[in-house]
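# Analysis of the macromolecular model
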Amino acid sequence: MLEFVFSISPMRVLFGAGSRHRLEEELNSLGVGRALLVADPAHQRLARELAAQLGARCVGIFDGVVQHVPIEVAEAGRAKVRELQADCCVTIGGGSATGLGKAIAMEIALPLVAVPTTYAGSEMTPIWGLTEGGLKRTGRDPRVQPRVTLYDPELTVTLPPAVAGPSGMNAIAHCVEALYAQNANPIMSLLAEEGVRALAEALPQVMAAPDDLDNHGKALYGAWLAGVVLGSVGMALHHKLCHVLGGTFNTSHADTHALILPYASAYNMEAAPDAKRRLTAALGTSQVAPALRELSLSVGAPATLKELGLSTADLKTAAELATRAPYYNPREVTRDGVHQLLLDAYHGEMPEA
Ligand code: NAD
């Protein structure tokens, strides 16, 4: 029997090549007039261009973005907003820039406008993250959800392939886990299936023709859908494992997702028949986990956990940590099962369908 709860945060999205140039009209619609631009190091020139377009509506540029939002950086950003009496933050960059904007909005009531430049999807979620004393805390708070997002495929053209490929696989992982989420619902499942379809088609094209704007548009469209489902339904074993590996062994966020996804999918697929049916349709094969593995390798993701710097002893620790306080998962999560999953990923075995 179909049974679900559906809710979605209000959000406004302007999608298209050149959409960044519509920033000023969006600030007008929000009724704000003193924007602080929060831009990552790769986007200082873009920030200056947007500041010039905004004129007096821009009160400054904050360039201190650091991955995983260290608390000191969040405090510095908040101090800048207070000093300049900003009434809005515009984030320009990947998940790290969006994350800093969120850390500011947690403490100071102001609207966020996001101009994303990767496929991370943070701009579609009410999820914040802060790192303090070497530990990353995350939580949900509707105040940190950006009010407006300008998705401009012209901005992802500069993504190096080594960042674009794994970042896209990270987005696919949000869609895969949304399909078997504890609180899955029909609308989010439609979006997740379409997100996998768009990204699986677009990512190899982005790798093959990195200057083609249409390919970037398709990949960014998939990433948008992935962000929406990430913000709306819960995640499962795959995200838990990536959280443990990143948090304990400091492995790169997107690379870890890209490597682990085929193995986590293989672990769960038989326990999630509706997800399998939708992924089969989206990927064009019922060999879901092998297809994800091939896609991941073809877009430049690392092939083994060994390459990410783990030892076989680390796998035991990771399996222990991942099963201590497990997230909901469609298949029972056992220490032996997770250890085997990690061993397969360590050796780069082809996962079973
Ligand atoms: P990132 O923002 O750290 O960017 C990675 C690197 O790519 C940086 O050096 C950046 O300067 C550069 N870069 C970004 N866009 C570029 C472009 N278009 N061209 C050239 N270089 C570019 O990486 P990310 O993967 O976007 O974000 C990762 C962070 O976001 C992690 O901290 C993760 O936990 C967080 N995240 C949060 C959520 C959420 O919902 N809260 C969702 C996804 C990710």
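Scroll up a little and you will see the structure.
Anyway, here's the lowdown on the structure attached to this text. Because the structure is predicted, anything quoted here is derived from the model rather than measured.

The next thing to look at is the pattern of salt bridges. If you walk through the whole model with that rule in mind, you get 21 salt bridges. One salt-bridge network, in which partners are shared between bridges, spans Glu-193, Glu-194, Arg-197, Asp-274, Arg-277 and Arg-278.

Now for the layout of surface pockets. Within this model, the second largest pocket holds a volume of roughly 300 Å³. If you go around the second largest pocket, you meet 14 residues; those closest to its centre are Ala-42, His-43, Leu-46, Leu-155 and Thr-158. At four residues, helix α2 (residues 44-54) tops the list of elements feeding residues into the lining of the second largest pocket. Classifying every residue of the lining of the second largest pocket by side-chain character gives six nonpolar, four polar and four charged.

Close contacts around the ligand come from 22 residues, with Gly-95, Ser-96, Thr-117, Thr-118 and Thr-125 the closest. The side chain of His-68 places a nitrogen or oxygen atom 3.0 Å from an oxygen atom of the ligand. For the ligand, an oxygen atom lies 2.6 Å from a polar atom in the side chain of Thr-118. Protein chains bury 81% of the 860 Å² of accessible surface belonging to the ligand in isolation. The biggest single contributor to the shell around the ligand is helix α4 (residues 95-107), with three residues. Taken together, the residues that form the shell around the ligand break down as seven nonpolar, twelve polar and three charged.

Turning our eyes to something else, we now look at unusual backbone geometry. Look at His-68: it is not a glycine, yet its phi comes out positive at around 70 degrees. When you line up the elements, His-68 lands in the loop between β3 (58-62) and α3 (71-84). Look at His-68 and you get partly exposed, because its relative accessible area is 32%. Non-glycine residue Gln-85 carries a positive phi angle of around 50 degrees. Among the secondary structure elements, Gln-85 is positioned in the loop between α3 and β4 (88-93). Gln-85 gets classed as exposed once you look at its relative accessible area, which sits at 58%.

Strands sit in the order β1-β8-β5-β4-β2-β3 across an open sheet of six strands; the sheet is parallel. Only two strands of the sheet have a single partner each, and these edge strands are β1 (12-15) and β3. Here the strands of the sheet are splayed against their neighbours by 15 degrees on average, with no regard to which way each runs. In the sheet, strand β2 (residues 35-39) pairs with β3 via four bridges, with the strands oriented parallel. By the bridge assignment, Val-38 is partnered in β3 with Phe-62.

Positionally, Glu-177 belongs in helix α5 (residues 161-179). One buried charged side chain, Glu-177, makes no salt bridge at all; its nearest oppositely charged neighbour is Arg-140, positioned 11 Å away. Separated by 2.6 Å, the side chains of Glu-177 and Tyr-180 make a polar contact. Only 2.9 Å separates the side chain of Glu-177 from the side chain of His-239, close enough to count as a polar contact.

Bringing the packing of aromatic side chains into the picture now. In total, this model carries two aromatic pairs according to the counting rule given. Judged by centre distance (5.8 Å) and plane angle (40 degrees), the ring pair of Phe-15 and Tyr-151 falls under tilted. Of the two residues, Phe-15 sits in strand β1 while Tyr-151 sits in strand β8 (residues 148-151), which places them 136 residues apart along the sequence. Look at Tyr-221 and Trp-224: their rings are 6.3 Å apart centre to centre, the planes differ by 45 degrees, and that puts the pair in the tilted class. With Tyr-221 and Trp-224 both in helix α7 (residues 213-232) and three residues apart, the pair spans about one turn of that helix. Exposure remark for Trp-224: the relative accessible area of 24% places this residue in the partly exposed category. Lying over the aromatic face of Tyr-267, Arg-331 brings its terminal NZ or CZ to 3.8 Å of the ring centre.

Here is what the cut-offs are and how they apply
- Residues numbered from 1 in each chain as written.
- Predicted model: local features only at pLDDT ≥ 70, side-chain atom pairs only at ≥ 80, totals over all residues.
- Heavy atoms only, no water.
- Salt bridge = Lys/Arg side-chain N within 4 Å of Asp/Glu carboxyl O.
- 1 Å grid on protein atoms, 1.4 Å probe; cavity = no way out; pocket = protein on both sides within 12 Å on 5 of 7 lines; lining within 4 Å.
- Points joined across faces, edges and corners; volume = space filled by probe spheres on them.
- Helix = DSSP H or I, 4+ residues; strand = E, 2+ residues; numbered from the N terminus.
- Nonpolar A, V, L, I, M, F, W, Y, C, P; charged D, E, K, R; others polar.
- Near = heavy atom within 4 Å.
- Polar contact = N/O pair within 3.5 Å; in protein donor to acceptor, adjacent residues only side chain to side chain.
- Areas by Shrake-Rupley, 256 points an atom, 1.4 Å probe, with all protein chains shown as cover.
- Buried < 20%, exposed > 50% of the residue type's maximum accessible area, 1.4 Å probe, protein only.
- Pairing = 2+ DSSP bridges.
- Axes fitted to C-alpha atoms, helices over the stretch in contact; angles between N-to-C directions.
- Lys, Arg positive; Asp, Glu negative; His and termini not counted.
- Phe/Tyr/Trp six-rings, centres within 6.5 Å; stacked < 30°, edge-to-face > 60°.
- Lys NZ or Arg CZ within 6 Å of the ring centre and 35° of its normal.

Remember that the coordinates give geometry; whether it matters functionally is a separate question.
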